[in-house]
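Per-entry structural report
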Amino acid sequence: MLLALLVLALLAAALMAPLALRAVRSQRERRARRARRRAERRELRDPGRERRAEQRARELLRSCVNAEEWAMYRDLGFIRVAGCLQAEGPHGLSAGRRRFRGADLGQGGANARPGGRGGSEPAYAYLIYPHKPIVAYVPRTGRLLSEYCVEFPDLVEAISDNRLPDSDDVLAKWMALTADERRLISDANMHLPGRQIDPDRVRRDLWRLREWERLRRGPDAPVARGR
């Protein structure tokens, strides 16, 4: 009888051993996951982590854009980029998008550029905000044209949740827009002004930009017209 019980106990132990091993492994994995989550939470609670990432991003942005664009971003929080598409402007990229009217483009025509002959303005330009759509507008009239929604995820997790630091987001948009404006505008989701950014805010920013440029030209320059 005792021998039979011993045999049964050995069989039961042999059958239970794999289950026990799996349970131990599972417990170890749960402990490891909890430890990783605690480490991640400690990392996210670091109040200087996001600030350090943004500081690195600002230094990179400053090294890539020109002096005026950097000063604009530093002082105003956005960068203006002149449009460079020929004749049709950004809305002429596809038949389904309306084209600029001649009155909107102004006398400079679609080929006008900032700092060109006679100090002509560009036919259209963009404002690049961090983590906001790119806004197209007409510098001569201040007319808002459209918003272009583009997103550049943080593939190296500089901060968290795949969100780039503000200055890195601005730099990514600036690089894409200046390298291949047509492609960026074609691939972006286009909306009418006001979809994500308050038009009054953009108009205030355009006034701030004109005033900022006036002050950089000198105190005797004409006062910017605003709302």
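First things first, this report covers the structure right here in the doc. Just so we're clear, the structure is a prediction, and the values are computed from it rather than from any experiment. (Residues numbered from 1 in each chain as written. Predicted model: local features only at pLDDT ≥ 70, side-chain atom pairs only at ≥ 80, totals over all residues. Heavy atoms only, no water.)

Topic: the overall build of the protein chain
To keep it simple, the criterion reads: Numbering of helices and strands runs from the N terminus; a helix is a DSSP stretch of H or I covering at least four residues, while a strand is a stretch of E covering at least two. A 1.4 Å probe rolled over the protein chains alone gives each residue an accessible area, and that area as a share of the maximum for its type sets the label: buried under 20%, exposed over 50%, partly exposed in between. We call two residues in contact whenever any of their non-hydrogen atoms come within 4.5 Å of each other. Using a 1.4 Å probe, the Shrake-Rupley method yields the accessible areas, and only the shown protein chains count as cover for residues.
When helices and strands are counted, the protein chain shows seven helices and five strands. For the protein chain, the succession of helices and strands along the chain, N to C, is α-α-α-β-α-β-β-β-α-α-β-α. Taken over 227 residues, the protein chain has a buried fraction of 37%. Put simply, 62% of the contacts in the protein chain that link residues at least 6 apart link residues at least 24 apart. In the form shown here, the protein chain has an accessible surface area of approximately 14500 Å², with 53% of it arising from carbon and sulfur atoms.

A few points about the sheet that holds strand β2 (residues 125-128)
As a reminder of what qualifies: Pairs of strands are assigned from DSSP output, requiring at least two bridges between the strands. To obtain an axis, a line is fitted to C-alpha atoms, over the contacting stretch when the element is a helix, and the angle between two such axes runs from 0 to 180 degrees between their N-to-C directions.
Spatially, the five strands line up as an open sheet ordered β1-β2-β3-β4-β5, and their pairing is antiparallel. Looking at the sheet topology across the chains shown, the edges are occupied by β1 (79-82) and β5 (189-191). Ignoring which end each strand starts from, the neighbouring axes of this sheet average 25° apart.

Topic: unusual backbone geometry
For H131, which is not glycine, the phi torsion reads 55° and is therefore positive. Within the fold, H131 resides in the loop between β2 and β3 (134-138). For H131, a relative accessible area of 26% translates into the label partly exposed.

These results come straight from atomic positions and should not be treated as a statement about function.
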